Amino acid sequence: MGANTPIEWCDATWSTVGGCSIESPGCIHCYAQQLAGTRLRKHPLYAGTTDDGKGRPVFNGTMTVAAPEHPTWSWPVRWRGLKEPLLGPGQPSLIFVADMADLFHPDRPAEAIDRVLASIVYSHHIGQLLTKRPAVMRAYFEELRRSARWLMWPHPIFGRSNFDPMVATFDAIVSRLWLGTSVERQAEADRRREDLRALSEMGFTTFVSYEPALGPVDWKGWEFVDQVISGGESGARARPSHPAWHRATREFCHTVGSAYFFKQWGAWAPACDGLGWRLEWSDESTTVITPWGSAMTWQGFHNARMGGDLADGYERSVTMRRVGKETAGRLLDGREHNDLPGERGRPPRTAHVATQRVTEPVA
Ligand code: SF4
C-alpha cells in the first residue's frame, strides 16, 4: 500500500480531508488544485472541490472529509513507519498531514480537524501540519487547550476515550505535532509571523515553508522558528527564485541556530550572475531575475535598464534557465541542506537519508 512521495522534508503523506480556496500568490500554481481537478477529479475527497477557471481547475471552497468508517483513519496508528526515517533509524516517521488541502481553511469543521489529529497523536509518528492560515491554526489550538476536549478523542482503532494515557496532557499533543506556515514574500511573512510565534510559545515545534519563494524576505523577528524550508517553484508555469533569497535564509538560520532545509530550485536553475551575455537570448527558457523578484526576458530587462529603474539591481541580477526540477536539483552552493528541528531546546539535526517515502491514499 502506498506510493512514493517526492516531498523531501517528510517520510510520508496522509490525506483524509480535501478542498481549499486561493489565499495568496503562492497558491496560483497549487499542485493540489491541479490534481484535484484533473487526475483525481472523481476521487471522493476531491470530486466537486474545483471549478473550471479559464481552462484550469480552481479550488472553489468546497470542503470534504473521508467517510467515518474508512480504514484510512487508523492508518497512522497501524503504520509501523519507515525503517530509515528522516530522523534516523528507530525514530518516529514524519507524516505530512493533509498535503492536498489546507487543514486550517476557515470553513473546515473543527470536528474534522479533531479526527485528523487524533489519528496522529495516538500514533508513534510526528504529524507536520502546514497552513497558509496560521491565525486559524492558532485559534484552533488555543480553543483545544482551553476546552480540553482532546481528552475525549476516541482511539482510531479501539474507539475508547476518557483519559487515555497516550493523550493525557496537552503536552502529549504538542510532542506529536510540528506546526508550520507557508510564506512566499515579505508581505505574507509579516502577516503570518505572530500567529506562528504564539504557537511556538505554546510549546510546539514550528517551521516555515518559504516555497515557492517569490520575493526576498527579511527574517528579522522569526528567531523563534525551529526550521525554515526554502525552495523555488516547479511546474509548467513556474516563477523563478533568486539565489540570494535562499542564501540569506540559510544565513539567518545559521545565525540564530534554526534548521535550514533547501528543498529544490524548482523549474528554474541559476545559469550565471548578471545578464549572461553568452546565452541565447531568443530562447524563452532564459530569464533574468532581479534581487527584488521581477523576472523578465533579456529584452525587457534591457529596455527597463535603459530607462534607469533597474540600475540598482543590475549588478545583483542573475540569469536563470528553465531546465526542469530534476535537472535543477537541490544543491545550494554545491551541497544539500537537510537540517530538521532538534528536540525542544536542542540544536538542529541533519536528516538521515531515507530511500522510500510513502503516500497513504484514500481509495
Ligand atoms: S492554501 Fe495550499 S492547498 Fe490551498 S490553494 Fe493554497 S497552496 Fe493550494
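1. Notes on the overall build of the chain
(1) Moving on: Counting its regular elements, the chain contains 10 helices and 18 strands.
(2) Moving on: As displayed, the chain offers around 16,200 Å² of accessible surface, 52% of which is attributable to carbon and sulfur atoms.

2. Quick word on the packing of aromatic side chains
(1) Moving on: Evaluation of the coordinates by the stated rule reveals 15 aromatic pairs.
(2) Moving on: Note on W14 and W73: the rings are 6.5 Å apart at their centroids and 85° apart in plane angle, and the pair reads as edge-to-face. Residue W14 is located in strand 1 (residues 12-14), and its partner W73 is located in the loop between strand 5 (64-65) and helix 2 (75-78); the two are separated by 59 residues in the primary sequence. Comparing W14 with W73 shows no difference in burial state: the two are buried.
(3) Moving on: Plain terms: the ring middles of Y140 and F141 are 5.0 Å apart, the flat faces sit at 85° to each other, and that makes the pair edge-to-face. Across the pair, F141 and Y140 agree in class, each one buried.
(4) Moving on: Taken together through their ring pairs, the aromatic side chains of F104, Y140, F141, W150, F170 and F204 make up a single cluster.

3. A short note on the site of the ligand
(1) Moving on: All residues in the neighbourhood of the ligand are listed as C20, S21, C27, C30, F59, A101, D102, K132 and R133.
(2) Moving on: A class-by-class count of the residues in the shell around the ligand yields 5 nonpolar, 1 polar and 3 charged.

4. A look at the pattern of salt bridges
(1) Moving on: Taken as a whole and assessed by the stated rule, the structure comprises 19 salt bridges.
(2) Moving on: Residue R149 pairs with D114 through a salt bridge whose shortest N-O separation is 2.7 Å. Of the two residues, R149 sits in the loop between helix 4 (134-147) and helix 5 (170-175) while D114 sits in helix 3 (residues 110-121), which places them 35 residues apart along the sequence.
(3) Moving on: Take R149: its relative accessible area is 22%, and that puts it in the partly exposed class.
(4) Moving on: E233 is the salt-bridge partner of R239, the closest N and O atoms lying 2.8 Å from each other.
(5) Moving on: Looking at R239, the relative accessible area reads 23%, which means it is partly exposed.
(6) Moving on: Taking the relative accessible area as the measure of exposure, E233 reaches 5% and is therefore buried.
(7) Moving on: Connected through shared salt-bridge partners, E8, E211, K263 and K325 make up one network.

5. Here we look at the pairing of strand 9 (residues 205-210)
Walk down a regular strand and you will see the side chains alternate between the two sheet faces.
(1) Moving on: The buried fraction of strand 9 is high, at 6 of 6 residues.
(2) Moving on: Residues T205, F207 and S209 of strand 9 are buried on one face, and the alternating residues T206, V208 and Y210, pointing to the opposite face, are buried as well.
(3) Moving on: Where strand 8 (residues 177-182) and strand 9 come together, 5 bridges link them in parallel fashion. Looking across to strand 9, one finds that L179 is bridged to T206.
(4) Moving on: Here 4 bridges tie strand 9 to strand 10 (residues 227-231), and the two strands are oriented parallel to one another. Across the sheet, the residue bridging to F207 is Q227, located in strand 10.

6. Some words on the environment of E201
(1) Moving on: If you trace the backbone, E201 turns up in helix 6 (residues 186-201).
(2) Moving on: Sequence spacing of E201 and F224 is 23 residues, and the spatial spacing of their C-alpha atoms is 8.6 Å.

7. A few points about the nonpolar core
(1) Moving on: Counting 66 residues, the largest nonpolar core has L117, F141, W153 and W222 as its most contacted members.
(2) Moving on: Among the elements that line this core, the one with the most residues is helix 3, at 7 residues.
(3) Moving on: No fewer than three residues from each of domain 1 (12-267 + 323-360) and domain 2 (269-322) sit in this core.
(4) Moving on: Core analysis: the next-biggest nonpolar cluster, separate from the first, contains 15 residues, L87, I126, I229 and A351 among them.

8. Some details on the packing of helix 3 against helix 4
(1) Moving on: Direction vectors running N to C along helix 3 and helix 4 enclose 75°, while the axes themselves pass 12 Å from each other. In terms of orientation, helix 3 lies roughly perpendicular with respect to helix 4. Two secondary-structure elements touch here, helix 3 through A110, I113, D114 and L117 and helix 4 through Y140, F141 and L144.

9. So, unusual backbone geometry
(1) Moving on: Note that the residue after E211, namely P212, is joined by a cis bond; omega there is 0°.
(2) Moving on: Despite not being glycine, A148 has its phi angle at roughly 55°, a positive value.
(3) Moving on: Along the chain, A148 turns up in the loop between helix 4 and helix 5.
(4) Moving on: Since its relative accessible area comes to 24%, A148 is described here as partly exposed.

10. Comments concerning helix 3
(1) Moving on: Taking 1.5 Å of rise per residue, 12 residues should cover 16 Å, and helix 3 covers 16 Å from first to last C-alpha, within 8% of that figure.
(2) Moving on: Most of helix 3 sits inside the fold, with 9 of its 12 residues counted as buried.
(3) Moving on: Residues of helix 3 that are buried include every one of A112, I113, D114, V116, L117, A118, S119, I120 and V121, and no others.

11. Focus on the environment of T181
(1) Moving on: Looking at the secondary structure, you find T181 in strand 8.
(2) Moving on: In this structure, the C-alpha to C-alpha distance between T181 and T206, residues 25 residues apart in sequence, is 8.3 Å.
(3) Moving on: Discounting chain neighbours no more than four positions away, the residues touching T181 are L130, T131, K132, P134, R192, L196, F207, V208, S209 and W222.
(4) Moving on: At a separation of 2.9 Å, a polar atom in the side chain of T181 contacts the main-chain carbonyl oxygen of T131.

Reading the values: the criteria
- Residues numbered from 1 in each chain as written.
- Predicted model: local features only at pLDDT ≥ 70, side-chain atom pairs only at ≥ 80, totals over all residues.
- Heavy atoms only, no water.
- Helix = DSSP H or I, 4+ residues; strand = E, 2+ residues; numbered from the N terminus.
- Areas by Shrake-Rupley, 256 points an atom, 1.4 Å probe, with all protein chains shown as cover.
- Phe/Tyr/Trp six-rings, centres within 6.5 Å; stacked < 30°, edge-to-face > 60°.
- Buried < 20%, exposed > 50% of the residue type's maximum accessible area, 1.4 Å probe, protein only.
- Near = heavy atom within 4 Å.
- Nonpolar A, V, L, I, M, F, W, Y, C, P; charged D, E, K, R; others polar.
- Salt bridge = Lys/Arg side-chain N within 4 Å of Asp/Glu carboxyl O.
- Pairing = 2+ DSSP bridges.
- Core = buried A, V, L, I, M, F, W, Y, C linked by side-chain atoms within 4.5 Å.
- Domains from an automatic or database assignment.
- Axes fitted to C-alpha atoms, helices over the stretch in contact; angles between N-to-C directions.
- Parallel < 35°, antiparallel > 145°, perpendicular 65-115°, else oblique.
- Contact = heavy atoms within 4.5 Å.
- Expected span 1.5 Å × (residues − 1).
- Polar contact = N/O pair within 3.5 Å; in protein donor to acceptor, adjacent residues only side chain to side chain.

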